[in-house]
Amino acid sequence: MITKILVPTDGSETAGKSVKYAIGLAKQMGSTITLLAVVDDRFFMAQSIPNEATSTRLIEPVGDYLRQAAEAYLEKASKQCEKGGIQSKKVIRHGHPAEEIVKEAEKSKADLIIMGSHGRTALQAALLGSVTFGVIHKDTKIPVLVVRK
Ligand code: ATP
Ligand code: MN
């Protein structure tokens, strides 16, 4: 039985395909969906901005912007679930995407993770995005279904 499906999304086209795929499967299995967005605030922390008085002033709006963007695409995905008659929950986490995805999957006792082969940032040529690669290689028993771009 697949009772709970975790769908991590970065708002990309391929992640959108995963949401649709998950809804289709949830309809057949009677599952609920958790929609997860991880705000990856590592890249503009530490490395890119010098550690001076201006840093918080610069960092906070970027963090807010990323969070708002995540809220917007989670809301869109949640509406799609509702239309499909599937019960869903939205979750936002901050941190390292692959780590947070597996942590949330374990915590919410998901039976399956459905995510895209690619996201927003990769070269088209890459075989697999680094977030999906990371999730597949983490130490967990939860299976992963990769939706192709
Ligand atoms: P890369 O990030 O390695 O440059 P990419 O953006 O093409 O490449 P990934 O980031 O691995 O590829 O994206 C693959 C899938 O992982 C997406 O379709 C989505 O399901 C999930 N994903 C990626 N980033 C996040 C995130 N920040 N929060 C939740 N899910 C994510
Ligand atoms: Mn990415």
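In the block above lies the structure referred to throughout.
One structure accompanies this document, and this report is about it. Note that the coordinates shown come from a computational prediction; the quantities given were computed from them, not determined experimentally. (Residues numbered from 1 in each chain as written. Chains lettered and ligands numbered in written order. Predicted model: local features only at pLDDT ≥ 70, side-chain atom pairs only at ≥ 80, totals over all residues. Heavy atoms only, no water.)

Re the sheet that holds strand β2 (residues 32–39)
Phase 1 of the analysis: Strand order in this open sheet of five strands is β3-β2-β1-β4-β5, and the pairing throughout is parallel. Only two strands of the sheet have a single partner each, and these edge strands are β3 (88–94) and β5 (144–147). Neighbour-to-neighbour, the strand axes of the sheet open up by a mean angle of 25 degrees, direction not taken into account.
Phase 2 of the analysis: Packing of helix α1 (residues 13–29) onto the sheet brings it into contact with β1 (4–8), β2, β4 (112–116) and β5, and relative to β4 it is tilted by some 145 degrees. (Pairing = 2+ DSSP bridges. Helix = DSSP H or I, 4+ residues; strand = E, 2+ residues; numbered from the N terminus. Axes fitted to C-alpha atoms, helices over the stretch in contact; angles between N-to-C directions. Contact = heavy atoms within 4.5 Å.)

Focus: the site of ligand 1
Phase 1 of the analysis: Lining the immediate surroundings of ligand 1 are 21 residues, of which His118, Gly119, Thr121, Ala122 and Ser130 lie closest.
Phase 2 of the analysis: The separation between an oxygen atom of ligand 1 and a polar main-chain atom of Pro8 is 2.8 Å.
Phase 3 of the analysis: Ser130 has a polar side-chain atom sitting 2.6 Å from an oxygen atom of ligand 1.
Phase 4 of the analysis: In isolation ligand 1 offers 620 Å² of accessible surface; the protein chains occlude 90% of this area.
Phase 5 of the analysis: Elements with a minimum of two residues in the shell around ligand 1: β2, α3 (97–107), β4 and α4 (130–136).
Phase 6 of the analysis: Grouping the amino acids of the shell around ligand 1 by side-chain chemistry returns ten nonpolar, nine polar and two charged. (Near = heavy atom within 4 Å. Polar contact = N/O pair within 3.5 Å; in protein donor to acceptor, adjacent residues only side chain to side chain. Areas by Shrake-Rupley, 256 points an atom, 1.4 Å probe, with all protein chains shown as cover. Nonpolar A, V, L, I, M, F, W, Y, C, P; charged D, E, K, R; others polar.)

Description of the side chain of Glu104
Phase 1 of the analysis: Within the secondary structure layout, Glu104 lies in helix α3.
Phase 2 of the analysis: Assessed through its relative accessible area of 3%, Glu104 is described here as buried.
Phase 3 of the analysis: Polar side-chain contacts of Glu104 include one of 2.7 Å to the side chain of Arg93.
Phase 4 of the analysis: Setting aside anything within four residues of it in sequence, one finds Glu104 in contact with Leu6, Thr34, Leu36, Val91 and Arg93. (Buried < 20%, exposed > 50% of the residue type's maximum accessible area, 1.4 Å probe, protein only.)

Limitation: the analysis is restricted to geometry and does not speak to function.
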